[in-house]
Amino acid sequence: MKEAHDPAAWVTNVVQAFIRDSSDNTLQDQGGEKAWGEPLVGFSRGDDPLYEAYKEVVGPFHWTPGEAFAQAYPGTQVAPEELTVICWVLPQTEATKADNRTQTVYPAERWARARIFGEGVNVKLRRHLVDALREKGYAAVAPMLSPQWERKTSERYTFSSTWSERHAAYASGLGTFGLCDGLITPLGKAMRVGSVVARVQLPPTPRPYHDHRAYCLFFSEGICGQCMARCPAGAVTEEGHDKVACAQHLRPVTADYVKANYGFDGYGCGLCQTGVPCESKIPTRRDV
Ligand code: SF4
Ligand code: SF4
């Protein structure tokens, strides 16, 4: 559909149709419930200066779109401005959010399923979009699925990686960071993101913010901070997100709980993403 005249609409439809129509979009529970609601899609230019800035902000190991593209197409001469970073937001369903809101220590089963099987859907979506683009003649790569993608740890950057999809989504106009590090999007913070870099020129999505924390009420208005109280590990404070304390809660604490209570190998938490004003929207003062 539309691809010849409007490649941006075509790409958006490929992402949204997969989540809407594919039987792969499932929590793999008994009822075959959907893992994700209708996605938001955004684009950023391959030569957006933010990607160079991420070498400072995230770490010198973080790929530019050109470097990510080169992992799949080594030796291909491509200018950064020929590339587009395509990002999407997969919102948690109402049922999953409602369940997790009631939790105080461990993840709800739906949330843990979304973390494991829902992320599996996201992996399939990345592959699906890469295949669809290549079929149309656009070279494409999903940086997260690149064999060269790796986690990085360092004293300065704690846990990072060679490609941060949340930072790509920020660059693509999809949201800003909250006190607990999650990305607050127009669909809220209870979501996961995905991305693909492609040799196609699509109009960048406007970034309706000038600050990387613009949507978080703690930074914009000096109020809220509800994600601090939601965290069972004390990992969110006025200083921000303690990634080490968070990781120690995820594994082994929630991993043991998920195995013992839900019967599969998984983990998850997301308590700071649910039952807070930014759960499902960009919050305002009236939401606190
Ligand atoms: S709960 Fe409040 S303080 Fe925490 S990220 Fe959301 S808006 Fe910011
Ligand atoms: S994911 Fe859980 S442990 Fe980690 S910061 Fe959020 S509430 Fe705390």
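All values derive from a computational prediction rather than experimental measurement.

Caption draft 1: Quick peek at the site of ligand 2. Contacts to ligand 2 come from Cys-231, Pro-232, Val-236, His-241, Cys-246, His-249, Cys-269, Gly-270, Leu-271 and Cys-272. Taken together, the residues of the shell around ligand 2 sort by class into seven nonpolar, three polar and no charged.

Caption draft 2: Highlighting the sheet that holds strand β2 (residues 84–91). Taken together, the four strands give an open sheet; going across it, the order is β1-β2-β8-β3, and neighbouring strands pair in antiparallel fashion. The open sheet terminates on both sides in strands that have one partner only, identified here as β1 (40–45) and β3 (140–141). Sheet topology note: the β2/strand β8 (residues 191–198) ladder contains eight bridges and is antiparallel. Residue pairing in the sheet places Ile-86 in a bridge with Val-196 of β8. In the packing of helix α1 (residues 7–21) onto the sheet, the strands contacted are β1 and β2, and the crossing angle to β1 comes to about 140°.

Caption draft 3: How the structure looks around the packing of α1 against helix α5 (residues 109–135). Close contact between α1 and α5 brings their axes to 10 Å; oriented N to C, the two are set at 145°. Where α1 crosses over α5, the handedness of that crossing is right-handed. Across the interface between the two elements, Trp-10, Val-11, Val-14, Val-15, Phe-18 and Ile-19 from α1 touch Val-121, Lys-124, Leu-125, His-128, Leu-129, Ala-132 and Leu-133 from α5. For the contact of α1 with α5, a count of residues per class yields eleven nonpolar, one polar and one charged.

Caption draft 4: Looking closely at the nonpolar core. Core analysis: the biggest nonpolar cluster contains 40 residues, and Trp-163 and Val-197 have the highest contact counts within it. Of all the secondary structure elements, the ones that give two or more residues to this core are α2 (49–57), α3 (65–72), β2, α6 (165–171), β7 (183–184) and β8. No other element matches α6, which puts four residues into this core. Formed by 29 residues, the second largest nonpolar core is a distinct cluster that contains Val-15, Val-121, Ala-142 and Leu-202.

Caption draft 5: Quick look at the pairing of strand β4 (residues 151–154). Inspection of the sheet shows β4 paired to strand β5 (residues 158–161) by four bridges, in the antiparallel sense. By the bridge assignment, Ser-154 is partnered in β5 with Thr-158. Taking the residues that link successive antiparallel strands as the turn, the β4-β5 hairpin has three residues.

Caption draft 6: Spotlight on the environment of Pro-206. Considering the arrangement of structural elements, one finds Pro-206 in the loop between β8 and α7 (217–220). Spatially, the C-alpha atom of Pro-206 lies 5.6 Å from that of Gly-173, the residues being 33 residues apart in sequence.

Caption draft 7: Region of the structure containing empty space enclosed by the protein. In this structure the tally under the stated criterion is one cavity of 30 Å³ or more. A volume near 90 Å³ is recorded for the largest cavity. Taken together, 16 residues line the largest cavity, and the ones lying closest to its centre are Lys-189, Cys-216, Cys-224, Cys-227 and Cys-278. For the lining of the largest cavity, the secondary-structure elements that each account for two or more residues are α7 and α8 (226–230). For the lining of the largest cavity, the residue count by class is twelve nonpolar, three polar and one charged.

About the criteria used
- Residues numbered from 1 in each chain as written.
- Chains lettered and ligands numbered in written order.
- Predicted model: local features only at pLDDT ≥ 70, side-chain atom pairs only at ≥ 80, totals over all residues.
- Heavy atoms only, no water.
- Near = heavy atom within 4 Å.
- Nonpolar A, V, L, I, M, F, W, Y, C, P; charged D, E, K, R; others polar.
- Pairing = 2+ DSSP bridges.
- Helix = DSSP H or I, 4+ residues; strand = E, 2+ residues; numbered from the N terminus.
- Contact = heavy atoms within 4.5 Å.
- Axes fitted to C-alpha atoms, helices over the stretch in contact; angles between N-to-C directions.
- Left-handed = near helix turned anticlockwise from the far one by under 90°.
- Core = buried A, V, L, I, M, F, W, Y, C linked by side-chain atoms within 4.5 Å.
- Buried < 20%, exposed > 50% of the residue type's maximum accessible area, 1.4 Å probe, protein only.
- 1 Å grid on protein atoms, 1.4 Å probe; cavity = no way out; pocket = protein on both sides within 12 Å on 5 of 7 lines; lining within 4 Å.
- Points joined across faces, edges and corners; volume = space filled by probe spheres on them.

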